[in-house]
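Residues per chain, in single letters:
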Amino acid sequence: MIVEVAVLAGVRSPRGTFSYLAPDGDVPPAGSLVRVPFGPRAALGVVLGNGEPSPAMKSIGHLVHPTPVLYSHQILLARWLAAEYRCALADALRAMLPPALVAAAGTRGLRTPRGERSQAQFAITPEGRAALDGSAIRLGAKQRQALVLLAAGARTESELREVGGDPSAAARLARRGLALASRSLVRRVPLEFGVDDAAAPPEVLSQAQRPAIDAITAALGRHEDFLLHGVTASGKTEVYLRVAAEALAQGLGVIVLVPEIALAPQTLGRFVSRFGERVAILHSALSAGERYDEWRRVLDGAADVVVGSRSALFAPLSRPGLIVLDEEHESTYKQESDPRYDTLAAARELARLAGAVVIAGSATPRVATFFQAKQGRMHLVELPERVGERVVPTVEVVDLRAELRAGNRSIFSRRLRTLLAETMKRGEQAMLFLNRRGYATVVLCRSCGFVVQCPRCDVPFAWHSPGKLLCHRCGLSGAEPQTCPRCGSAQIRYLGSGTQRVEDEVRKLVGDVPIVRLDRDAVRRAGSHVRLFEEMRSGRARVIVGTQMIAKGFDLPGVTLVGVVSADTMLHLPDFAAAERTFALLTQVLGRSGRGAGGGRGVIQTYVPEHYAIRAAARQDYAFFAGAELAERKRFGYPPYGRLVLLQTSAKREETVRRRATELVAKLGPRAGEGEEVLGPAPAFAAKVADSYRWQVVLRGPDPTHLLDAVGDEWTIDVDPASLLG
Ligand code: ADP
Ligand code: ZN
Ligand code: ZN
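As the structure is a prediction and not an experimental result, all values here were calculated from the model.

## Details of unusual backbone geometry
Then, number 1: The omega angle of the peptide bond from Pro-639 to Pro-640 is 5 degrees, so this bond is cis rather than trans.
Then, number 2: With respect to the secondary-structure elements, Pro-640 resides in the loop between helix H21 (622-636) and strand S27 (643-651).
Then, number 3: Although it is not a glycine, Ala-56 adopts a positive phi angle of roughly 55 degrees.
Then, number 4: Backbone geometry places Ala-233, a non-glycine residue, at a positive phi of 65 degrees.
Then, number 5: Mapped onto the elements of the fold, Ala-233 is located in the loop between strand S9 (224-230) and helix H9 (236-249).
Then, number 6: Note on Ala-233: relative accessible area 15%, which makes it buried.

Below you can see the structure in the form of structure tokens.
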């Protein structure tokens, strides 16, 4: 027999698949993990099915695990990913397996997770089959009987016993090399199931939640896609939980994706308290070992609710019936290395293959997703109001130009200062948002205008603390000059503000109240995100200053004021999605305000109060934003009215990338069809990173992907990029 195998080798796996010989009568089923000879070495491979004869075929090596590690719907999904996002099938398959497994799956097979109860599992080996076929190997009665049972398929200890086999005889077979022994998890009864009072489900559903849950539940068991558009605090999570419970009752598995698990402790907590040990958590912040353990619990059927970041989509559920993407607009749903997939698109494909329901939830869905719903390609389900008596906050827009004219040069407008003081006086919490960490963004010589730059990226260093400069592009730190390196002047100044500076300024304003700063620096230093979260939730922290880390997922009833210190940083970036990301971020940040009984307020400080993204965010008016944004997109042929492909290349010498890019444009230009454009070549937004120069070419049109056949390996190909700023 000949089998087709995808070989996982190297940083980028080979594009094609390979044919290997497998012994007749002992062909590993599709999805099996095997060792195969590959060039001078052995490599890990995934069996795909029957293969075509090819010259000089080698024999397949041994099985790494008795049962397949990928289901057929997953292999089909991998094929789709490889074709859609232009990568090797092996790399798409690799993305579906825990890294620890790929790295360590040696000759001893897969290990069982630590601390789990497990039982032995056996499968027959080729030698075992030969023994059955009456070779010279002598078998006792019990061993022969066990071998016959195993010849019909892999079995666990308890399965063997059920059909009258003897597990200890199977163990002896394993010692003789006639069977492969491994361990499989014993599923435990979920103890915590519904016992946690604190997170008990609400008894009464809101007026909009009930029909939403009914509509989605009715679709379980077949492929349907839903966009759950619900304002912040409208109770979307409760909808996910109820539909998930119904899916589980029908014997279907559930996948819940969150943008970044560290930022969604509450969502995760709600799932764990509702579904207990059936929940497996899969995300990249786990250690490799932990991630492997959780994956293994899913593979063995011990967990059938998977909560995690985007790659949790690939958890080995035998029958996925519900896939939830919470906060579908988040940019973390686009993978930034091969396969560069859009998680919603991949989820919909998996759902099509497996007959599952998809829920994409957001208060601010991407307009491209909203457009699909408007066109009837997804069902639109809306939760237009916050649950209970809570109302969306009242938001004021402050024109910073007017502040400047009135002589206010501080980073806080007069209005924000007043509201902040009032909030403190009432004993409530305030949040201040700024999308830049560090203290100052530019260190500049006042005498000659010299700006201290990262030597590797040619962008200004940010000032973090006395003496400490940091490049936000490559992470290099630099020493702060005492005098100007160019003219020797001592007049060094700091321009632009980051979260650290806001924290300082708040301290001057509000005096002696506890302040928590939440950004990447603070989280890294404090080491514990959970501790900072506790400070906020308990109400001990009175002012919370942060980057977009504070925008997401927090449900803090004590926060009654949210101030956006600067709304404009992202708005002016040269990118088709800049307005969309600004609107989403502002809406989410402002949505943190007034989740308690007393209602809430918000302030947006901006230099462009007339911009539709700012106006829409202030009114928390998604429909208005989507209308304006879709009109803009249509004008320029951006998604959803056209498709984009971002091509980037990098090299140490600038001429190399310039020449490459120029040649590519010359090659693709003539091949472009009606309505297709080849834009560029141009330096990438991050034109130099860590001593490498980067150039890009953008393809735009109804479907420009056919042009990609002519693009060489020195280019990274990003189909449907989330942004053009890479
Ligand atoms: P969203 O995800 O839509 O922003 P959440 O799911 O965080 O909103 O819900 C906001 C708050 O409302 C949470 O504290 C949640 O427990 C609560 N909640 C959800 N549904 C109900 C309900 N039917 N009755 C009372 N409280 C609810
Ligand atoms: Zn100078
Ligand atoms: Zn740098």
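## Brief notes about the domain arrangement of the protein chain
Then, number 1: When cut into domains, the protein chain gives domain 1 (2-102), domain 2 (118-185), domain 3 (193-383), domain 4 (394-438 + 498-633), domain 5 (440-496) and domain 6 (643-719).
Then, number 2: In this structure, domain 4 and domain 5 have C-alpha centres spaced 27 Å apart.
Then, number 3: Contact residues are listed per partner, giving seven residues for domain 4 and eight residues for domain 5.
Then, number 4: With both sides pooled, the region where domain 4 packs onto domain 5 buries about 610 Å², and carbon together with sulfur makes up 45% of that total.
Then, number 5: Sorting the residues of domain 4 by area buried against domain 5 places Arg-436, Arg-437 and Arg-501 first, and these three jointly supply 59% of that buried surface.
Then, number 6: One can count zero salt bridges joining domain 4 with domain 5.
Then, number 7: For the pair domain 4 and domain 5, the interface holds two residue pairs in polar contact (both at pLDDT 80 or more).

## Brief notes about the sheet that holds strand S2 (residues 18-21)
Then, number 1: Taken in spatial order, the five strands line up as S3-S4-S1-S2-S5 in an open sheet, and their pairing is mixed. Each end of this open sheet is capped by a strand with a single partner; those strands are strand S3 (33-38) and strand S5 (58-59).
Then, number 2: In the sheet, strand S1 (residues 2-8) pairs with strand S4 (residues 41-50) via six bridges, with the strands oriented antiparallel. In the strand pairing of S4, Val-3 is matched with Asn-50.

## What about empty space enclosed by the protein?
If a probe as big as a water molecule is rolled over the atoms, it shows which places are left empty.
Then, number 1: One pass over the structure, following the stated rule, counts two cavities of 30 Å³ or more.
Then, number 2: Space inside the second largest cavity adds up to approximately 40 Å³.
Then, number 3: As for the second largest cavity, its lining consists of Phe-433, Asn-435, Ser-566, Ala-567, Thr-569, Met-570, Thr-582, Leu-585 and Leu-586.
Then, number 4: For the lining of the second largest cavity, the element with the most residues is helix H19 (residues 578-590), which contributes three residues.
Then, number 5: Residues of the lining of the second largest cavity, tallied by class, amount to five nonpolar, four polar and no charged.

## Details of the coordination of the zinc ion (ligand 2)
Then, number 1: Coordination of the zinc ion (ligand 2) by the protein is provided by Cys-445 (SG), Cys-448 (SG), Cys-484 (SG) and Cys-487 (SG), with metal-donor distances spanning 2.3 to 2.4 Å.
Then, number 2: Each of the four donor atoms bound to the zinc ion (ligand 2) contributes to angles spanning 106 to 113 degrees, and the resulting shape is tetrahedral.
Then, number 3: Donor residues binding the zinc ion (ligand 2) come from one chain and are separated in sequence as C-x2-C-x35-C-x2-C. Separated by 39 residues along the polypeptide, Cys-448 in the loop between strand S18 (442-445) and strand S19 (462-465) and Cys-487 in the loop between strand S21 (477-479) and strand S22 (492-495) bring together distant segments of the chain.
Then, number 4: The exposure class assigned to Cys-448 is partly exposed, which follows from its relative accessible area of 28%.

The rules behind each value
- Residues numbered from 1 in each chain as written.
- Chains lettered and ligands numbered in written order.
- Predicted model: local features only at pLDDT ≥ 70, side-chain atom pairs only at ≥ 80, totals over all residues.
- Heavy atoms only, no water.
- Helix = DSSP H or I, 4+ residues; strand = E, 2+ residues; numbered from the N terminus.
- Buried < 20%, exposed > 50% of the residue type's maximum accessible area, 1.4 Å probe, protein only.
- Domains from an automatic or database assignment.
- Contact = heavy atoms within 4.5 Å.
- Buried area = accessible area lost by both parts, 1.4 Å probe.
- Salt bridge = Lys/Arg side-chain N within 4 Å of Asp/Glu carboxyl O.
- Polar contact = N/O pair within 3.5 Å; in protein donor to acceptor, adjacent residues only side chain to side chain.
- Pairing = 2+ DSSP bridges.
- 1 Å grid on protein atoms, 1.4 Å probe; cavity = no way out; pocket = protein on both sides within 12 Å on 5 of 7 lines; lining within 4 Å.
- Points joined across faces, edges and corners; volume = space filled by probe spheres on them.
- Nonpolar A, V, L, I, M, F, W, Y, C, P; charged D, E, K, R; others polar.
- Donors = N, O, S within 2.8 Å, 3.2 Å for Na, K, Ca; no water.
- Tetrahedral: all angles 85-135°; square planar, octahedral: opposite > 155°, others 65-115°.

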